[in-house]
Amino acid sequence: MKFQIQRDRLVDGVNDVIKAVSSRTAIPILSGIKITAHDEGITLTGSDSDISIESFIPKEEDGKEIVHVEQTGGIVLQAKFFESIVKKLPLDTVEIEVHSHLQTVIRSGKSEFNLNGQDVSEYPRLPEIEEDSVLKIPTNLLKTMIRQTVFAVSASETRPILTGVNWTVEDGMLNCVATDSHRLAMRKAPINGGNGEPYKAVIPGKSLNELNKILDDTADETEIVMTENQVLFRAKHVLFFSRLLEGNYPDTSRLVPSESKTEMTIGGKDFLQAIDRASLLAREERNNVVKLNISAEGAVQISSNTPEIGKVVEEVQSDATTGEELTISFSAKYMMDALKVLEGAETNIQFTGAMRPFVLRPTGDDSILQLITPVRTY
């Protein structure tokens, strides 16, 4: 194998696939990056067997040559060394050549590295995915949907299914739901393609976080193919495979209350800043609890009290409050996480009592919902 390539394109490709490479792997060859040179260009692959990422660098783009392949072939190189070398090479072009006994030479200008490679035939094959039906969604919308839900997955492995986001496709709508049993985030949006059959998949939160880092924020479409145990995301030059979580996701539709006793509409940005200030004295406590009080006259007060530190009280200006008076306590972190993904929009909050979960939505928008369970304080 022998080829020359533009260094910045190689760095971009390595940055994409390295996100799937784990240093702690039971299969030693997976600590490497697979490099394949073929007639169309170069393909880089990284995998930890849960996630696999393939990045393709074409021979030319917009009439400019990016890769010149002199001899096709493949090699697997240690990821962390290869990444460090590529980033620090002196010139804009790099030559990579594999000699006998898998000895690989990386040249740029007057700099030359020799790395021991591994046999490309020992690298596990990527999953073969039957493409019966391809779903399509604008990439920037996909990124937004991931960001607005993935933060609510469970960090605990006691219920592994809750470490993923539940994706349901039905009647041309994609619905994403994440919960850690103390809070819930839901976002839905129209999706194109598919064969009309409903789909269900629970995608690990870790996979979605990595996918979000790789995808460019463009209006181009990302293609999605789901099978029983794998999902494939295909963007411009990247294939991203992830295994799916096994098991049944709990029915979360029952958690969302159908009526409310107290309702408040408030500017999301101002409310977020007030919660942030109230939580300053509550951070020492593990659960950083903040109390919200809505009086019969509709005045809204946020407070926090940590006996050994002090207390904070702040009146906040709501746009409207209706219903019964209410005092409720909740985790400041959960409330701030929820308000951040609503992105400062005017927020409607519906309460059904001091010990019942409450719901946040942007005013007049049913496509996004955040649900938080209150904290019992005595």
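Coordinates for the structure precede this section.
Now for a description of the structure that goes with this document. (Residues numbered from 1 in each chain as written. Predicted model: local features only at pLDDT ≥ 70, side-chain atom pairs only at ≥ 80, totals over all residues. Heavy atoms only, no water.)

**Here's the deal with the overall build of the protein chain**
Each helix and strand counted, the protein chain has 6 helices and 29 strands in total. Its C-alpha atoms give the protein chain principal-axis dimensions of roughly 80 × 50 × 40 Å. Looking at the protein chain as a whole, 50% of its 378 residues qualify as buried. Sequence-distant contacts, at least 24 apart, represent 67% of the contacts inside the protein chain between residues at least 6 apart. For the protein chain, the accessible surface area stands at approximately 19,000 Å², while carbon and sulfur atoms represent 45% of it. If the 40 positive side-chain charges of the protein chain are averaged to one point and the 56 negative ones to another, these points end up 5 Å apart. (Helix = DSSP H or I, 4+ residues; strand = E, 2+ residues; numbered from the N terminus. Buried < 20%, exposed > 50% of the residue type's maximum accessible area, 1.4 Å probe, protein only. Contact = heavy atoms within 4.5 Å. Areas by Shrake-Rupley, 256 points an atom, 1.4 Å probe, with all protein chains shown as cover. Lys, Arg positive; Asp, Glu negative; His and termini not counted. Charge placed at Lys NZ, Arg CZ, Asp CG, Glu CD.)

**Observations concerning the environment of His 38**
Turning to its location among the elements, His 38 is positioned in strand S2 (residues 32-38). Note: C-alpha distance between His 38 and Gly 74 (36 residues apart in sequence) is 8.7 Å. In this structure, His 38 is in contact with Thr 43, Phe 56, Val 69 and Thr 72, ignoring residues within four places of it in sequence. For His 38, the side chain forms a polar contact with the side chain of Thr 43, separated by 2.7 Å. (Polar contact = N/O pair within 3.5 Å; in protein donor to acceptor, adjacent residues only side chain to side chain.)

**Observations regarding the sheet that holds strand S9 (residues 93-98)**
Strand pairing in a sheet is mediated by backbone hydrogen bonds. Such pairs are either parallel or antiparallel. Here we have 5 strands laid out as an open sheet, ordered S7-S1-S9-S10-S11, and antiparallel in their pairing. Looking along the sheet, the strands with just one partner apiece sit at the ends: strand S7 (67-71) and strand S11 (111-116). Adjacent strand axes in the sheet meet at a mean angle of 15° when their direction is disregarded. Of the pairings in the sheet, the one linking strand S1 (residues 2-6) to S9 comprises 5 bridges and is antiparallel in character. (Pairing = 2+ DSSP bridges. Axes fitted to C-alpha atoms, helices over the stretch in contact; angles between N-to-C directions.)

**Details of the layout of surface pockets**
In this structure, the largest pocket encloses a volume near 580 Å³. Forming the walls of the largest pocket are 30 residues, and the residues nearest its centre are Asn 166, Thr 168, Tyr 199, Lys 200 and Ala 201. Every element with two or more residues in the lining of the largest pocket is listed here: strand S13 (164-170), strand S14 (173-179), strand S15 (183-190) and strand S17 (199-204). Looking at the lining of the largest pocket residue by residue, the classes come out as 14 nonpolar, 9 polar and 7 charged. Quantified by volume, the second largest pocket comes out at close to 450 Å³. For the lining of the second largest pocket, the secondary-structure elements that each account for two or more residues are helix H1 (7-17) and strand S4 (51-58). (1 Å grid on protein atoms, 1.4 Å probe; cavity = no way out; pocket = protein on both sides within 12 Å on 5 of 7 lines; lining within 4 Å. Points joined across faces, edges and corners; volume = space filled by probe spheres on them. Nonpolar A, V, L, I, M, F, W, Y, C, P; charged D, E, K, R; others polar.)

**Points about the pattern of salt bridges**
For side chains bearing opposite charge, pairing can occur when the charged atoms are close. By the definition in use, this model includes 18 salt bridges. Put simply, Lys 2 and Glu 70 hold a salt bridge, and the shortest N to O gap is 3.7 Å. Of this pair, Lys 2 sits in strand S1 while Glu 70 sits in strand S7, and the two are 68 residues apart along the sequence. Take Glu 70: its relative accessible area is 48%, and that puts it in the partly exposed class. The closest approach of N and O atoms between Asp 48 and Lys 206, which form a salt bridge, is 3.5 Å. Linking Asp 48 in the loop between strand S3 (41-47) and S4 with Lys 206 in helix H4 (residues 205-214), this pair joins segments that are 158 residues apart in sequence. A relative accessible area of 15% places Asp 48 in the buried class. By relative accessible area, which is 49% here, Lys 206 ends up partly exposed. One continuous salt-bridge network, built from bridges that share partners, spans Glu 95, Glu 97, Arg 107 and Glu 112. (Salt bridge = Lys/Arg side-chain N within 4 Å of Asp/Glu carboxyl O.)

**Some words on the pairing of strand S12 (residues 135-138)**
Burial along S12 is one-sided: Leu 135 and Ile 137 are buried, and none of Lys 136 and Pro 138, which face the opposite way, are. By the bridge criterion, 2 bridges tie S12 to strand S16 (residues 192-193) in an arrangement that is antiparallel. The residue of S16 that forms the bridge with Lys 136 is Asn 192.

**Regarding the environment of Leu 280**
Locating Leu 280 in the fold gives a position in the loop between helix H5 (268-279) and strand S22 (289-294). For the pair Leu 280 and Ala 79, spaced 201 residues apart in sequence, the C-alpha separation works out to 42 Å.

**A word on the side chain of Asp 16**
One can find Asp 16 in helix H1. Put simply, Asp 16 is tucked away with no salt bridge, and the nearest opposite charge, on Lys 19, sits 4.8 Å away. Residue contacts for Asp 16: discarding those within four places in its chain leaves Ile 53, Ser 55, Ile 214 and Val 238.

**Side note on the packing of aromatic side chains**
By the definition in use, this model includes 4 aromatic pairs. Ring geometry for Phe 233 and Phe 240: centres 6.3 Å apart, planes at 70°, overall edge-to-face. Three or more aromatic residues link up through ring pairs in this structure, and these residues are Trp 167, Phe 233 and Phe 240. (Phe/Tyr/Trp six-rings, centres within 6.5 Å; stacked < 30°, edge-to-face > 60°.)

**A few points about the environment of Leu 239**
Mapped onto the fold, Leu 239 is located in strand S20 (residues 238-243). Sequence separation between Leu 239 and Ser 52 is 187 residues; the distance between their C-alpha atoms is 8.1 Å. Apart from the residues within four sequence positions on either side, Leu 239 is in contact with Ser 52, Ile 53, Glu 54, Leu 232, Phe 233 and Arg 234.

**Let's talk about the side chain of Arg 361**
With respect to the element layout, Arg 361 can be found in strand S28 (residues 358-362). In terms of polar contacts, Arg 361 uses its side chain to reach the side chain of Gln 350, at 3.3 Å. Among residues more than four places away in sequence, those in contact with Arg 361 are Val 256, Glu 346, Thr 347, Asn 348, Gln 350, Asp 366, Ile 368 and Leu 369.

Note that every value here comes from positions in space, so none of it alone points to a role or purpose.
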